[in-house]
Amino acid sequence: MRVVLDTNVLLSAFISPRGAPDTLYNAWRAAQFELVTSTVQLDELRRVSRYPKLKTILPAHRIGAMVNNMQRAIVLEHLPSLPEGVEVNDLNDAFLFTMALVGEADYLVTGDRRAGLLQLGSAGRARIVTPATFCTEAL
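Residues numbered from 1 in each chain as written. Predicted model: local features only at pLDDT ≥ 70, side-chain atom pairs only at ≥ 80, totals over all residues. Heavy atoms only, no water.

J.: Help me understand the overall build of the protein in this model?
T.: When its secondary structure is counted, the protein shows eight helices and six strands. Starting at the N terminus and ending at the C terminus, the protein contains elements arranged as β-α-α-β-α-α-α-β-α-β-α-β-β-α. The C-alpha radius of gyration computed for the protein amounts to 14 Å, which stays within 12% of the reference 14 Å derived for 139 residues, consistent with globular compactness. For the protein, with 139 residues in total, the buried portion stands at 46%. In the protein, 63% of the contacts between residues at least 6 apart in sequence involve partners at least 24 apart. Counting every atom, the protein has about 7,200 Å² of accessible surface; 49% of that belongs to carbon and sulfur. Across the protein, the 14 positively charged side chains and the 14 negatively charged ones have centroids separated by 10 Å. (Helix = DSSP H or I, 4+ residues; strand = E, 2+ residues; numbered from the N terminus. Rg over C-alpha atoms; globule rule 2.2 N^0.38 Å. Buried < 20%, exposed > 50% of the residue type's maximum accessible area, 1.4 Å probe, protein only. Contact = heavy atoms within 4.5 Å. Areas by Shrake-Rupley, 256 points an atom, 1.4 Å probe, with all protein chains shown as cover. Lys, Arg positive; Asp, Glu negative; His and termini not counted. Charge placed at Lys NZ, Arg CZ, Asp CG, Glu CD.)

Here it is in structure tokens:
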């Protein structure tokens, strides 16, 4: 099973230990599913972790370890544009949709209800679900 985890889910794994995002991150590290990521997402993780409001709760060494671990995932180098006819509220999250398509993911997991991804329901064959739903259905 291939899974795309939204960057907010990955960061939430460190912010809220023992929550659904932490469960997901640990399940991937225990090889319960294949993680699909991209150079775009890895760059986003590095950038977002430097925001002043997150710097104090997300130590650089923990984000660095996560990025290093994610190098073992399926890393997509090039992502196409968002397919014609697909609209998301936050264009900064459009890459997640294309990651799910190109990476032939079974799930795209996001907690961001504002981006519009959850409302789409699917990306190709991938179901778009919340972390809690994924934990219930797939783990």
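J.: Can you help me understand the nonpolar core in this one?
T.: Within soluble globular proteins, side chains that are nonpolar tend to cluster in buried spots. Membership of the largest hydrophobic core comes to 28 residues, with the highest contact counts inside it found for Leu5, Phe33, Leu45, Met70, Val109 and Phe134. Of all elements in the fold, only strand E1 (2-5), helix H1 (7-15), helix H2 (20-29), helix H3 (39-48), helix H5 (60-70), strand E4 (107-109) and helix H8 (131-138) reach the threshold of two or more residues within this core. By size, the runner-up hydrophobic cluster in this structure holds 18 residues, among which are Phe95, Met99, Ala105 and Ala115. (Core = buried A, V, L, I, M, F, W, Y, C linked by side-chain atoms within 4.5 Å.)

J.: Quick question: what am I supposed to make of the environment of Ala100 here?
T.: Inspection of the secondary structure assignment puts Ala100 in helix H6 (residues 94-102). By relative accessible area, Ala100 is classed as buried at 2%. Taking the C-alpha atoms as reference points, Ala100 and His61, separated by 39 residues in sequence, lie 28 Å from one another. Contacts of Ala100, omitting those with residues within four sequence positions, involve Val4, Ala105, Leu108, Ala123 and Ala126.

J.: Would you take a moment to explain the environment of Leu54 for this structure?
T.: Note that Leu54 resides in helix H4 (residues 52-55). Judged by its relative accessible area of 15%, Leu54 falls in the buried class. Expressed as a C-alpha distance, the spacing of Leu54 and Ser12, which sit 42 residues apart in the sequence, is 11 Å. With residues up to four places along the chain from it excluded, the contact list for Leu54 reads Ile15, Val48 and Ser49.

J.: Help me out: how do you make sense of the pattern of salt bridges in this one?
T.: If charged atoms from side chains of opposite charge come close, those side chains can pair. The final tally for this structure, using the stated rule, is six salt bridges. For Asp43, the salt bridge is made with Arg46, and the minimal N-O distance between the two is 3.0 Å. Placement of the pair is Asp43 and Arg46 together in helix H3, with a separation of three residues, close to one helical turn. For Asp106, the salt bridge identified is with Arg125, shortest N-O distance 3.4 Å. (Salt bridge = Lys/Arg side-chain N within 4 Å of Asp/Glu carboxyl O.)

J.: Any chance you could explain the side chain of Asp6 here in plain terms?
T.: Here Asp6 is to be found in the loop between E1 and H1. Buried within the structure, Asp6 lacks any salt-bridge partner; Arg114 is the closest side chain of opposite charge, at an N-O distance of 8.9 Å. One polar contact links Asp6 to Thr110, side chain to side chain, over a distance of 2.5 Å. Discounting residues that sit within four places of it in the chain, Asp6 has contacts with Gln41, Asp93, Leu96, Val109, Thr110 and Asp112. (Polar contact = N/O pair within 3.5 Å; in protein donor to acceptor, adjacent residues only side chain to side chain.)

J.: I'm lost on the sheet that holds strand E6 (residues 126-129) in this one. Help?
T.: Either a parallel or an antiparallel arrangement is found when strands of a sheet pair, and the pairing is made through backbone hydrogen bonds. What the six strands build is an open sheet, ordered E3-E2-E1-E4-E6-E5; its pairing is mixed. A single partner strand is all that each edge strand has here, and the edge strands are strand E3 (74-76) and strand E5 (122-123). (Pairing = 2+ DSSP bridges.)

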